[in-house]
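Structural characterization, general
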Amino acid sequence: MKRIYLILAVAMLFVACKDEPTAKPSEDPTTPPEEQPSDIDPDEKDVPDEPGPEGCVNFNISYDQMANPERGFYVQKYYVSDDLDDEVAGILRRSKTPVILVANKMDTFDLLRFSYKSNHNNSDKPWDATSEWANKHIDQIAPYLKKHADIIYCVQAGFIGSWGEWYYTENYPYNPYDDDEFEPYWVIAEHLMNVVPKDRQICFRQPQFKMRYLKMRGQEVKPLTPEEAYKETTKARWAGHNDCFVSSSSDVGTYHVEGDREFWAEDTKYTLMGGESCKECEYSEGSNAIKEMEKYHWSYMCNSYHPDILTSWMVSGHYEQIKRRLGYRFVLRWAYPTQEPQAGQQFDLQLAVRNKGFAAPANKRDVELVFVSVADPEKKFVYKQTEDPRFWMGGELHKCTLSCTLDAAMSGEYKLYLNLPDPYPSLHDNPLYSIRFANENVWEEATGYNYLTTITVQ
């Protein structure tokens, strides 16, 4: 029986970062808000946006490193199944399948990949299992993926090849070329699509896999459009991971078919992208890495590999910027109540948010206006919005109007908050899973709310 590896990025991708690479910059990563750090790129500096309406509330940017869900650096850790007591390892042991758990820790969310070997040494063959066994194992893990869907960030395709990277393989066609050679890969991919929670994406090692699959299944090989994004379709759920980022002119073969770079640059606006680097070279210089992360909308990255590249970014002063900008980084610009609040009447709030990160959130997230009574903080009114932060694109200013009908019982002063919680009921009220805006004096740690202003309801 083949040994199975579970590559687990336990991920609140809780930013960048409770854990750091071995080498650390000498300076304090936090900087007083009134001073812009020396590593700030011109594109990241706080340049003025168009002003809001007269009388609006304006907000000051913060350059602090701050934890946020589903983005940032991840930490890789390894565990052998015999040392584990959890239910997943338990059932795999009972099936007499030895397990090694590889955990890429980011606190509370899981970025998962299953594989059979963590090397491609000829002396340590076989590198993977047969399709028959892989499909049996996928069926075994299915109920646990369903049970823990709330804390799954994404699933990397896995199962095929060393490290589950779909390359060094013995039981599938090596370097597939024609349609018949790709078909065995799709058996695993389609099985995973059926067992991974429908609201979670599956990441593939090269853009060619998604491009080839779409073509072979009779679909147009074009990147996602906003209208197609975040549906339960294969096209919307197939994402990417690049495990040789800026490590050669082709990222060591990540890009090697016509149009693949252009495809990923557009498609990753609405699908996850992350991974690791594998060797230092002329392309891994910090400013080029930032340009590539912007182009391909990076949300997460390994915090330990490749150590030479990470250290070079620290020395050049680019590391802290990358840490701030991986994934989304929402900055409140201004908020404007369009009328005097009246109990029982409609209330509209115009809002401007700039995303200074490389990407937008990939998983669904609620948007709520929360009114908390100044006189009695136990008195609270929550109004869920239809706004979708997954379309607050990296590098762009997003303006919207949030609306609600105020409760007839409201009166007096209320603190008005913006809350972006996780939509799963099990996580919704946990402030660790709410998004913190990169502004001074807005975050309320106890609730996960972002303070906007205080209003008086008549």
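Along each chain, residues carry numbers from 1 onward, in the same order as the chain's sequence is written. Reporting in this predicted model follows two pLDDT cut-offs: at least 70 for local features of residues, and 80 or more for side-chain atom pairs to be given and counted; totals over whole chains, interfaces and linings ignore these cut-offs and use all residues. In computing side-chain values, all of the structure's heavy atoms are included and hydrogens and water are not.

**Section: the overall build of the protein chain**
This is how it is decided: Going along the chain from the N terminus, every DSSP run of H or I of four or more residues is numbered as a helix, and every run of E of two or more is numbered as a strand. When a residue's accessible area, from a 1.4 Å probe over protein chains only, is under 20% of the maximum for its type it is buried; when over 50% it is exposed; and in between it is partly exposed. For this analysis, residues touch if any pair of their heavy atoms sits within 4.5 Å. Here the open area of atoms and residues is found with the Shrake-Rupley method and a 1.4 Å probe, where only the protein chains shown may cover a residue.
Counting secondary structure elements, the protein chain contains 10 helices and 18 strands. Residues counted as buried form 55% of the 458 residues belonging to the protein chain. For the protein chain, the share of sequence-separated contacts (at least 6 apart) that also reach a separation of at least 24 residues comes to 80%. Surface exposure of the protein chain reaches about 19,300 Å², of which carbon and sulfur atoms provide 48%.

**Brief notes about the side chain of Gln206**
Selection rule: Counted as a polar contact is a pair of N or O atoms within 3.5 Å, where, for protein atoms, one must be capable of donating a hydrogen and the other of accepting one, and residues adjacent in sequence contribute only when both atoms are in side chains.
Looking at the secondary structure, you find Gln206 in the loop between strand E7 (202-204) and helix H4 (207-216). Judged by its relative accessible area of 11%, Gln206 falls in the buried class. A polar atom in the side chain of Gln206 sits 3.1 Å from the backbone oxygen of Gly253. For Gln206, the contacting residues outside a window of four places in its chain are Gly253, Thr254, His256 and Trp264.

**Some thoughts on the state of the cysteines**
In protein chemistry, a disulfide is the covalent bond that joins the sulfur atoms of two cysteines. Here is the rule we go by: We call a pair of cysteine sulfur atoms a disulfide whenever their separation is within 2.5 Å.
A full pass over the atoms with the stated rule returns one disulfide. Residue Cys244 pairs covalently with Cys278 via a disulfide, S to S 2.2 Å. Its S-S torsion of about 120° marks the bond between Cys244 and Cys278 as right-handed, since a negative value means left-handed. You can see Cys244 sitting in the loop between strand E8 (238-240) and helix H6 (260-267) and its partner Cys278 sitting in the loop between strand E9 (274-275) and helix H7 (286-296), a full 34 residues away along the chain. Cys281 forms no disulfide, and the closest cysteine sulfur to it belongs to Cys278, at a distance of 8.4 Å.

**Describing the packing of aromatic side chains**
Defined as follows: Within 6.5 Å between ring centres, the rings of Phe, Tyr and Trp (the latter by its six-membered ring) count as paired, and their orientation is classed by plane angle as stacked under 30 degrees, edge-to-face over 60, tilted in between.
Applying the stated rule across the entire model yields 35 aromatic pairs. Judged by centre distance (5.3 Å) and plane angle (55°), the ring pair of Tyr167 and Tyr174 falls under tilted. According to the relative accessible area criterion, Tyr174 is partly exposed, its value standing at 42%. A ring pair is formed by Phe182 and Phe209, whose centres lie 6.3 Å apart and whose planes are at 75°; its orientation type is edge-to-face. Of this pair, Phe182 sits in helix H3 (residues 179-195) while Phe209 sits in helix H4, and the two are 27 residues apart along the sequence.

**A few points about the packing of helix H2 (residues 131-147) against H3**
Put simply, the rule reads: Here the axes come from fitting lines to C-alpha atoms, over the contacting stretch only for helices, and the angles between their N-to-C directions go from 0 to 180 degrees. Between 65 and 115 degrees an angle is taken as roughly perpendicular, under 35 as roughly parallel, over 145 as roughly antiparallel, and anywhere else as oblique. Helix crossings are classified by the rotation of the near helix relative to the far one: an anticlockwise turn of less than a right angle makes the crossing left-handed, while a clockwise turn makes it right-handed. Three residue categories are used. Nonpolar comprises Ala, Val, Leu, Ile, Met, Phe, Trp, Tyr, Cys and Pro, charged comprises Asp, Glu, Lys and Arg, and polar comprises the others, including Gly.
Their axes nearest at 9 Å, the elements H2 and H3 cross at an angle of 15°. Judged on the interaxial angle alone, H3 and H2 are roughly parallel. Classified by chirality, the crossing of H3 by H2 is right-handed. Residue-level contacts link Ser131, Ala134, Asn135, Ile138, Asp139, Ala142 and Leu145 of H2 to Val187, Ile188, His191, Leu192 and Val195 of H3. Looking at the contact of H2 with H3 residue by residue, the classes come out as eight nonpolar, three polar and one charged.

**With respect to the confidence of the model for the protein chain**
The criterion, for reference: As a per-residue measure, pLDDT reflects the predictor's confidence and takes values from 0 up to 100.
The share of residues in the protein chain with pLDDT of 70 or more is 83%, and the mean pLDDT across the chain is 87. A low-confidence stretch, residues 89-107 (pLDDT under 50), is modelled with 84 contacts involving residues beyond four sequence positions or located in other chains.

**Focus on the nonpolar core**
The test is simple: In this text, buried Ala, Val, Leu, Ile, Met, Phe, Trp, Tyr and Cys residues form a nonpolar core when linked through side-chain atoms within 4.5 Å.
In terms of nonpolar packing, the biggest core is built from 31 residues, with Phe159, Trp166, Trp186, Ile188, Leu192 and Phe204 touching the most fellow members. The greatest single-element share of this core, amounting to eight residues, is contributed by H3. Counting residues in hydrophobic clusters, the runner-up holds 30 residues, among them Phe330, Trp392, Cys400 and Leu452.

**Here's the deal with H6**
Each α-helix winds once per 3.6 residues, and so residues spaced three or four apart point in a common direction. Inspection of H6 places Asp260, Phe263, Trp264, Ala265 and Asp267 among the buried residues, and these make up the whole buried set. Residues of H6 that are buried sit in contact with E7, H4, E8 and H7.

**Quick look at the environment of Gln321**
In this fold, Gln321 is placed in helix H9 (residues 319-325). Each C-alpha atom, one on Gln321 and one on Gly286, is 9.8 Å from the other, the two residues being 35 residues apart in sequence.

**Description of H3**
Rule in force here: Residue count minus one, scaled by 1.5 Å, sets the expected span of a helix. To get the bend at a given residue, fit one axis to the seven residues ending there, fit another to the seven starting there, and take the angle between those axes.
Over its 17 residues, H3 extends 24 Å from the first C-alpha to the last, a length consistent with the 24 Å expected when each residue adds 1.5 Å. Of all the bends in H3, the greatest, near 35°, is centred on Tyr185. Taken together, the buried positions of H3 are Phe182, Tyr185, Trp186, Ile188, Ala189, His191, Leu192, Met193 and Val195.

**Describing the environment of Ala335**
Checked against the element boundaries, Ala335 lands in strand E11 (residues 330-337). Take Ala335: its relative accessible area is 1%, and that puts it in the buried class. Between the C-alpha atom of Ala335 and that of Ala352, which follows or precedes it by 17 residues, the distance is 6.5 Å.

**Let's talk about the pairing of strand E16 (residues 412-419)**
Just so we agree on the cut-off: At least two DSSP bridges between two strands are needed for those strands to be called paired.
The sheet contact formed by strand E13 (residues 368-373) and E16 spans six bridges and is antiparallel. In the sheet register, Val370 faces E16, and the bridge partner there is Tyr417. Inspection of the sheet shows E16 paired to strand E18 (residues 449-457) by seven bridges, in the antiparallel sense. Each bridged residue has a counterpart across the sheet, and for Tyr417 the counterpart in E18 is Tyr451.

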